[in-house]
Amino acid sequence: MARDRVPVLKRCRSLNLDPIFLGIDKKSKKQNQKAGKKMSEYGLQLREKQKAKFIYGVLEKQFRGYYAKAEQIAKKEGIPGENLLMILELRLDNVMFRLGYGRTRKEARQIVDHKHVLVNGKPVNIPSYQLKAGDVIEIKEKFKGTQRYKDILEVTGSRMVPAWLEADHENLKGTVSQIPTRAEIDVPVNEVLIVELYSK
């Protein structure tokens, strides 16, 4: 499987992105050398797309598919850019991260991959699995008492869980109470520029 092997902090610098959005509480000591250069309109649009892909850990082909789906939904309701972010937010690995059951999105993805997660009582090991309002996500009973999750909650316990999710940290369980609105998605991405890029 293709992977982005560029060091995380280096990638954050090039995208002008705070690593905290990936769950990484580190700052790069180096400064972005390109800061003084003026970027073209296309460059700005491309950077927003790369930023969204990087934050959610999605590759180009999959991202293009999400955008096509967002456009389809927009024919009935919503705006393509906002729909795209909602689709990305409702990925299982992202919801695990948002609930605080992974210190980073990468760790949340690994936990899903390793078959630690139940969705509505059934095991799911697909990080891109799309959740819906009312879905219940839970760590499997046999893993709940492990040191790993105690360590994770020690780091993430104070993290704010978004209003569209309900978390039960005691039972390592969470519920998607509603579909998130754009105002509830705190990623620093200008989705309008992504729409402009794909509209060319």
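Now for a quick tour of the structure.

Cut-offs used in this document
- Residues numbered from 1 in each chain as written.
- Predicted model: local features only at pLDDT ≥ 70, side-chain atom pairs only at ≥ 80, totals over all residues.
- Heavy atoms only, no water.
- Helix = DSSP H or I, 4+ residues; strand = E, 2+ residues; numbered from the N terminus.
- Buried < 20%, exposed > 50% of the residue type's maximum accessible area, 1.4 Å probe, protein only.
- Contact = heavy atoms within 4.5 Å.
- Polar contact = N/O pair within 3.5 Å; in protein donor to acceptor, adjacent residues only side chain to side chain.
- Phe/Tyr/Trp six-rings, centres within 6.5 Å; stacked < 30°, edge-to-face > 60°.
- Pairing = 2+ DSSP bridges.
- Axes fitted to C-alpha atoms, helices over the stretch in contact; angles between N-to-C directions.
- Parallel < 35°, antiparallel > 145°, perpendicular 65-115°, else oblique.
- Left-handed = near helix turned anticlockwise from the far one by under 90°.
- Nonpolar A, V, L, I, M, F, W, Y, C, P; charged D, E, K, R; others polar.

### A few points about the environment of K51
Position of K51 among the secondary structure elements: in helix α2 (residues 41-56). Classification of K51 as buried rests on a relative accessible area of 7%. Taking the C-alpha atoms as reference points, K51 and S14, separated by 37 residues in sequence, lie 9.6 Å from one another. With near-sequence residues (within four places) excluded, K51 lies in contact with L15, L17, P188 and V189. One polar contact links the side chain of K51 to the main-chain carbonyl oxygen of P188, over a distance of 3.3 Å.

### Quick look at the packing of aromatic side chains
A full pass over the atoms with the stated rule returns two aromatic pairs. Seen in terms of ring centroids, Y67 and Y198 are 4.6 Å apart; in terms of plane orientation they differ by 20 degrees. Their pairing is stacked. Here Y67, found in helix α3 (residues 60-74), pairs with Y198, found in helix α9 (residues 191-198); they are 131 residues apart in sequence, far enough to count as distant. For the pair Y67 and Y198, one class covers both residues: buried.

### What to know about the sheet that holds strand β5 (residues 173-176)
Strand pairing in a sheet relies on backbone hydrogen bonds, with the paired strands running either antiparallel or parallel. One open sheet accounts for five strands, arranged β2-β1-β3-β5-β4; its pairing is antiparallel. Looking along the sheet, the strands with just one partner apiece sit at the ends: β2 (122-123) and β4 (165-168). Direction of pairing for strand β3 (residues 136-139) relative to β5: antiparallel, over a ladder of three bridges. Bridge pairing links E138 to K173 in β5.

### Some remarks on helix α4 (residues 80-89)
Most of α4 sits inside the fold, with eight of its 10 residues counted as buried. For α4, the set of buried residues is G81, N83, L84, L85, M86, I87, L88 and E89. Residues of α4 that are buried sit in contact with α2, α3, α5 (92-99), α6 (105-113) and α9.

### Overview of the packing of α2 against α9
Following both chains from N to C, one finds α2 and α9 inclined at 115 degrees, their axes separated by 8 Å at the closest point. By the angle class used here, α2 and α9 are roughly perpendicular. The crossing of α2 and α9 is left-handed. Contacts from E41, Y42, L44, Q45, L46, E48, K49 and A52 in α2 reach L193, I194, E196, L197 and Y198 in α9. Of the residues belonging to the contact of α2 with α9, the class tally is eight nonpolar, one polar and four charged.

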